[in-house]
Amino acid sequence: MASSAPSPATSLRVLFFFLLIVTFASGEAGDYGLHPRTEKTTHLQLYFHELNFGPDATVIRVAQAPTTDKFVTAFGAVNIVDDMMKAGPDTTSRLVGRFQGVFVPASQTEFAALAMANVVFVDGTYNGSSLTILGRNSIFATVREMPIVGGSGHFRLARGYALLKTRVNDPNTGLVIVQYNVTVVHY
Ligand SMILES: *[C@@H]1O[C@H](CO)[C@@H](O)[C@H](O)[C@H]1NC(C)=O
Ligand SMILES: *[C@@H]1O[C@H](CO)[C@@H](O)[C@H](O)[C@H]1NC(C)=O
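Conventions we followed
Residues numbered from 1 in each chain as written. Chains lettered and ligands numbered in written order. Predicted model: local features only at pLDDT ≥ 70, side-chain atom pairs only at ≥ 80, totals over all residues. Heavy atoms only, no water. UniProt positions renumbered as here; feature names shortened; annotations may be inferred. Near = heavy atom within 4 Å. Polar contact = N/O pair within 3.5 Å; in protein donor to acceptor, adjacent residues only side chain to side chain. Areas by Shrake-Rupley, 256 points an atom, 1.4 Å probe, with all protein chains shown as cover. Salt bridge = Lys/Arg side-chain N within 4 Å of Asp/Glu carboxyl O. Helix = DSSP H or I, 4+ residues; strand = E, 2+ residues; numbered from the N terminus. Buried < 20%, exposed > 50% of the residue type's maximum accessible area, 1.4 Å probe, protein only.

- The name given to the protein chain in an unreviewed UniProt entry is Dirigent protein, with Colocasia esculenta as the source organism.
- Per UniProt, the protein chain has the following entry under Subcellular location (unreviewed entry): "Secreted, Extracellular space, Apoplast".

1. Some details on the site of ligand 1
- By nearness alone, every residue bordering ligand 1 is listed as Val122, Asp123 and Asn127.
- The separation between an oxygen atom of ligand 1 and a polar side-chain atom of Asn127 is 2.4 Å.
- Starting from 360 Å² of accessible surface for ligand 1 in isolation, the protein chains cover 25%.

2. Concerning the pattern of salt bridges
- With the rule as written, the count across this model stands at four salt bridges.
- One salt bridge in this structure joins Arg159 and Glu39, with 2.7 Å as the shortest N-O distance. Of this pair, Arg159 sits in strand 8 (residues 159–170) while Glu39 is found in the loop between helix 1 (8–31) and strand 1 (40–51), placing the two residues 120 residues apart along the sequence.
- By relative accessible area, which is 41% here, Arg159 ends up partly exposed.
- Residue classification places Glu39 among the partly exposed residues on the basis of a relative accessible area of 42%.
- For Asp82, the salt bridge goes to Arg98, with nearest N and O atoms at 3.0 Å. Of the two residues, Asp82 is situated in strand 3 (residues 78–86) and Arg98 in strand 4 (residues 95–105); the sequence distance between them amounts to 16 residues.

So, in structure tokens, the structure goes:
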């Protein structure tokens, strides 16, 4: 019976020629002035500050399902946020960015949301640059991890993750403060 799979020797030859082509192609690109860029890793420690109600609320519920109130998890609600990213855990800490996005409780049984946001920096070295976060936020977990899927400006082509830990969750004032330890790889 004839087999259509190439022999190992043929595969190796193909691989060798492929590598040869890649080597020459990248050498040629270098001649045309495309400078190789090195990846950088940046660590940031930020503090997310949110006010859930009151005149300065940073969260607004824009929609919910007719059944949302039946779920203790607020399943089916859609919230838009314009939260603060500060340099420290105090309400007086310096504002370094805004956390602007959508927060959607997406579990009927767990306090777990689909969170998507752009963190846009408004101060310092990264002013004007942004990071895009998209993932599952299990809000009552001690530590949760959110993927960073992109960025702009200083953080172009970014990818990474943030480790989140709630520092304050005050039901009386509606204030929530979450520490964000961010690790991001970019160019
Ligand atoms: C950040 O950038 C904006 C827009 O370019 C500018 O108006 C603002 O003054 C900058 N802020 C700081 C603190 O550099
Ligand atoms: C965040 O970083 C700080 C300082 O390195 C560390 O003390 C803290 O444990 C980190 N938090 C998490 C959730 O990793």
